[in-house]
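What follows is the residue order along each chain.
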Amino acid sequence: MAEAAAIAPQRAWGKGRLVAKPFAGRTRLSEFYQEGCAKIRLPDTFDATMEAVLINSSGGLTGGDHMEWEFSAGEGTHLTLTTQACEKIYKASAGTAAVKAKISVGAGATVHWLPQETILFDRASLSRRLDVDIAEGGEFLAVEAILLGRKAMGEIMRTGLFQDCWRIRKGGVLLHAENLRLNGDIAALTQETATLGGQVAFATLLYSGVDCEQQVEKLRALVGGANGGISHYQVAGQDKLIARLAAADGFALRKILIPVISHLRKGASVPKVWNL
């Protein structure tokens, strides 16, 4: 009997889109689309804002999986985007998982991009991209946190690939661009003082609003002696605040992040799906 032909493993694929509009003083749904393993749920916020919870129903990502998200907040709306749980990136036997998010923030609108942590397991391979366009007068807050394995479970990401690309524009001007790439011997690379100094949890926070400069010293006081720093920049007349933070594990990182996020959300806590 001839040898059976190799069968390519099934790969997860999902695409979700949401457009918010102002109506009767509240943020309302204008367009909604979900396909594949990308699901979106809209819990009641009991106020004028909207919260969208993103779900990957495949339960995690591995090499060859692909997710796309697209969101648009109309003029004067307030939209918070979060995830149901931490996104888990498992060992890749072949290929690289790809995640893309595209966000549009209208004039006078507010968007908070607050996904829970991404957990990278040993030999994971992930390429991620975030593209944001902010109109004049719009406010945008983004937090992306990474865990290199789950320390409490004795897991270590020894090798693999993680690359992250951000392109954020405001008023048509490039406000922030960065490319992060960790490849190969991740365990050795992250031991270097110039990278993480042995820490396995890290996060980048970006905030663009009219009060950026006023927030710097307040946030530095909140962060205290944590590993990392907070800086304010002005690019072509547009302001941004950047925070880089690192910690020994996910729990320690959240204890630093949550007060910072809450402060920038004018006292509102993180979404309820977050659990400390």
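Cut-offs and rules
- Residues numbered from 1 in each chain as written.
- Predicted model: local features only at pLDDT ≥ 70, side-chain atom pairs only at ≥ 80, totals over all residues.
- Heavy atoms only, no water.
- Helix = DSSP H or I, 4+ residues; strand = E, 2+ residues; numbered from the N terminus.
- Buried < 20%, exposed > 50% of the residue type's maximum accessible area, 1.4 Å probe, protein only.
- Contact = heavy atoms within 4.5 Å.
- Areas by Shrake-Rupley, 256 points an atom, 1.4 Å probe, with all protein chains shown as cover.
- Salt bridge = Lys/Arg side-chain N within 4 Å of Asp/Glu carboxyl O.
- Phe/Tyr/Trp six-rings, centres within 6.5 Å; stacked < 30°, edge-to-face > 60°.
- Lys NZ or Arg CZ within 6 Å of the ring centre and 35° of its normal.
- Patch = residues over 30% accessible without salt bridge, like charges linked within 9 Å, V, L, I, M, F, W, Y side chains within 5 Å.

We now examine the overall build of the chain. Along its length, the chain carries 3 helices and 17 strands. Along the first, second and third principal axes, the C-alpha set of the chain runs to 70 × 45 × 35 Å. Looking at the 276 residues of the chain, the share that counts as buried comes to 48%. Long-range contacts, defined here as pairs at least 24 residues apart, represent 71% of the contacts in the chain between residues at least 6 apart. Carbon and sulfur atoms provide 52% of the accessible area of the chain, an area that totals close to 13,000 Å².

This part covers the pattern of salt bridges. Enumeration over the complete set of coordinates arrives at 10 salt bridges. We note a salt bridge from Glu 139 to Lys 266, for which the minimum N-O separation is 3.8 Å. Taken together, the residues Glu 139 in strand E12 (residues 139–148) and Lys 266 in the segment after helix H3 (250–264) connect sequence positions 127 residues apart. Its relative accessible area of 16% is what places Glu 139 among the buried residues. Between Arg 150 and Glu 155 there is a salt bridge, with its nearest N and O atoms 2.8 Å apart. A relative accessible area of 29% means that Arg 150 is categorised as partly exposed. Residue class for Glu 155 comes out partly exposed when judged on its relative accessible area of 22%. A cluster of three or more residues bridged by salt bridges with shared partners is formed by Arg 128, Glu 144 and Asp 164.

In this section: the packing of aromatic side chains. According to the stated counting rule, one finds 3 aromatic pairs in the structure shown. Ring centres 6.2 Å apart and planes at 15 degrees place the aromatic pair Trp 69 and Phe 71 in the stacked group. When sorted by exposure, Trp 69 lands in the same class as Phe 71, which is buried. Ring-pair connections join several aromatic residues into one group, and the members of that group are Trp 69, Phe 71 and Trp 113. Lys 240 extends its terminal NZ or CZ atom over the ring of Tyr 233, reaching a point 5.4 Å from the ring centre.

Here we come to a nonpolar patch on the surface. On the surface, Leu 29, Phe 32 and Leu 42 cluster together into a nonpolar patch covering about 230 Å² of accessible area. With respect to the element layout, Phe 32 can be found in strand E2 (residues 26–36). By relative accessible area, which is 36% here, Phe 32 ends up partly exposed.

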